[in-house]
Amino acid sequence: MSAVLPDIQTEADIRALVDSFYDRVNADPLLSPVFNDVAHVNWAAHLPRMYDFWSGLLLHTNRYRGQPFARHIPLPIGSGHFQQWLHLFCRTVDALFAGPIAQEAKLRAGSIAHVFEHRMRAVNNPLSIL
Ligand code: HEM
C-alpha cells in the first residue's frame with residue numbers, strides 16, 4: 001500500500017512543489033531549452049517569484065506582483081509545450097501531495113495554461129480565434 005501523502009498547506013510545501021517542478025522542467029528536453037537557451041532564466045530570481053505566485057493562488061497570500069502572461073508572448077512555444085508543462089506540473093503535484101489543495105493546484109495550472117495558450121495564439125495570429 002502506498003503512503004498517504006499530505007496536502008499542500010505551508011510555504012515550505014509551496015517551495016517543495018515549485019523546486020521539484022522546475023527540476024523536472026530543467027531535465028526535460030522540450031522545455032529546458034526554452035527556459036535556459038531562449039529565455040536565459042535567472043533561476044535565483046525566478047524561483048522566488050514562482051513561490052509568491054503559487055502561494056497566492058493556493059494559500060491566499062498576496063505577495064505576487066506581476067503580469068505573468070506578458071513574459072510568455074515572445075517565447076517560441078505552442079500546444080506541445082503547454083501539454084508537456086502541464087503534464088510535468090501534475091506529475092509533480094501527484095508525487096508529493098494529495099488532497100483538495102493539491103487538486104486545486106492542478107486545476108488552476110490547467111486553466112491558466114489553457115488561457116495562455118489561447119491568448120498566445122490570438123497574439124501571434126489574430127485571425128485564428130475568429
Ligand atoms: C510551455 C509553458 C511555459 C513556458 C515555456 C514558460 C516559460 C516561462 C519563462 C521563460 C518565464 C520568464 C522567467 C524569467 O525570465 O524570469 C516565465 C515566467 C512565468 N511563468 Fe511561465 N511558462 C510556461 C507556462 C506557464 C504557466 C501555465 C503558468 C501559470 C500557471 C506560468 C506562470 C509563470 C509566472 C507567474 C511567471 C513569472 C512572471 C513574472 O516575471 O512575474 N507559466 N515562464
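These numbers come from a predicted model, not from an experiment.

Focus: helix 1 (residues 11–26)
- The first and last C-alpha atoms of helix 1 sit 22 Å apart over 16 residues, in line with the 22 Å expected at 1.5 Å per residue.
- Those residues of helix 1 that sit buried are D13, I14, L17, V18, F21, Y22 and V25. Seen from one end, helix 1 has its buried residues packed into an arc of 155 degrees, which puts them on one side. Exposed and oriented more than 90 degrees from the buried face of helix 1 are A12 and D23.

Some thoughts on helix 3 (residues 43–59)
- With 17 residues, helix 3 ought to run about 24 Å at 1.5 Å a step, and its terminal C-alpha atoms sit 23 Å apart, in line with that.
- Downstream of helix 3 by one or two residues, H60 has phi in the positive range, about 60 degrees.

Points about the packing of helix 1 against helix 3
- Two elements in contact, helix 1 and helix 3, have axes whose closest approach is 9 Å; the angle formed by their N-to-C orientations is 125 degrees. With respect to helix 3, the element helix 1 is oriented oblique. Crossing geometry of helix 1 relative to helix 3 is assigned as right-handed. Listed contacts from helix 3 to E11, I14, R15, L17, V18, D19 and Y22 of helix 1 are L47, M50, Y51, W54, S55, L58 and L59.
- For the contact of helix 1 with helix 3, a count of residues per class yields 10 nonpolar, 1 polar and 3 charged.

Calculation notes
- Residues numbered from 1 in each chain as written.
- Predicted model: local features only at pLDDT ≥ 70, side-chain atom pairs only at ≥ 80, totals over all residues.
- Helix = DSSP H or I, 4+ residues; strand = E, 2+ residues; numbered from the N terminus.
- Expected span 1.5 Å × (residues − 1).
- Buried ≥ 20, exposed ≤ 12 C-beta atoms within 10 Å, placed from the backbone.
- Arc of directions from axis to C-beta.
- Axes fitted to C-alpha atoms, helices over the stretch in contact; angles between N-to-C directions.
- Parallel < 35°, antiparallel > 145°, perpendicular 65-115°, else oblique.
- Left-handed = near helix turned anticlockwise from the far one by under 90°.
- Contact = placed C-beta atoms within 7 Å.
- Nonpolar A, V, L, I, M, F, W, Y, C, P; charged D, E, K, R; others polar.

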